[in-house]
Amino acid sequence: MIILYALAGSGAIILLLLYLWLKERKQAQREYIAYGLRSGDDSDENTKTNLNMMEAGYREALNRLEDLGEVGQDQWGQWVWKKSGKPLGDILSRN
């Protein structure tokens, strides 16, 4: 019985550490991108690379949403949610 408690406790600690590590990795990536965006003129290449990474992530997200049938383009070429018909960034602009 003690072995089961030890295994359960070890598993919980491992999951907690994994969660904290993933959270830190996500924050580090955000900081890296933000650092590239606020750097001076001498790091234009880093900024362009970071913007290209963000743009690629945005395109990938749009492609996934489009494949799932959640979003589409209207007759003016704007991305809209198919269920509500609202523009894709409408919810974000209100916050």
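Being a predicted model, the structure only gives us computed values, none of them experimental.

A. Representation of the overall build of the chain within the structure. Looking only at helices and strands, one finds 3 helices and 2 strands in the chain. Starting at the N terminus and ending at the C terminus, the chain contains elements arranged as α-α-β-β-α. When the 95 residues of the chain are sorted by exposure, 12% land in the buried category. Counting only contacts in the chain whose residues sit at least 6 apart along the sequence, the fraction spanning at least 24 positions is 5%.

B. Geometry of a nonpolar patch on the surface. A cluster of nonpolar side chains, namely Met1, Ile3, Leu4, Tyr5 and Leu7, defines an oily patch on the protein surface of about 660 Å² accessible area. Inspection of the secondary structure assignment puts Tyr5 in helix H1 (residues 2–38). Overall, Tyr5 belongs to the exposed group, its relative accessible area being 59%.

C. Structural context of the confidence of the model for the chain. Considering every residue of the chain, the mean pLDDT works out to 79; 76% of them sit at 70 or more. Summarising per-element confidence for the chain, the mean pLDDT is lowest in helix H3 (residues 90–94) (55) and highest in H1 (85).

D. Summary view of the environment of Asn50. As for its placement among the helices and strands, Asn50 is situated in helix H2 (residues 44–68). The class for Asn50 is buried, based on a relative accessible area of 2%.

Rules used in this analysis
- Residues numbered from 1 in each chain as written.
- Predicted model: local features only at pLDDT ≥ 70, side-chain atom pairs only at ≥ 80, totals over all residues.
- Heavy atoms only, no water.
- Helix = DSSP H or I, 4+ residues; strand = E, 2+ residues; numbered from the N terminus.
- Buried < 20%, exposed > 50% of the residue type's maximum accessible area, 1.4 Å probe, protein only.
- Contact = heavy atoms within 4.5 Å.
- Patch = residues over 30% accessible without salt bridge, like charges linked within 9 Å, V, L, I, M, F, W, Y side chains within 5 Å.
- Areas by Shrake-Rupley, 256 points an atom, 1.4 Å probe, with all protein chains shown as cover.
- Salt bridge = Lys/Arg side-chain N within 4 Å of Asp/Glu carboxyl O.
- pLDDT = per-residue confidence, 0-100.

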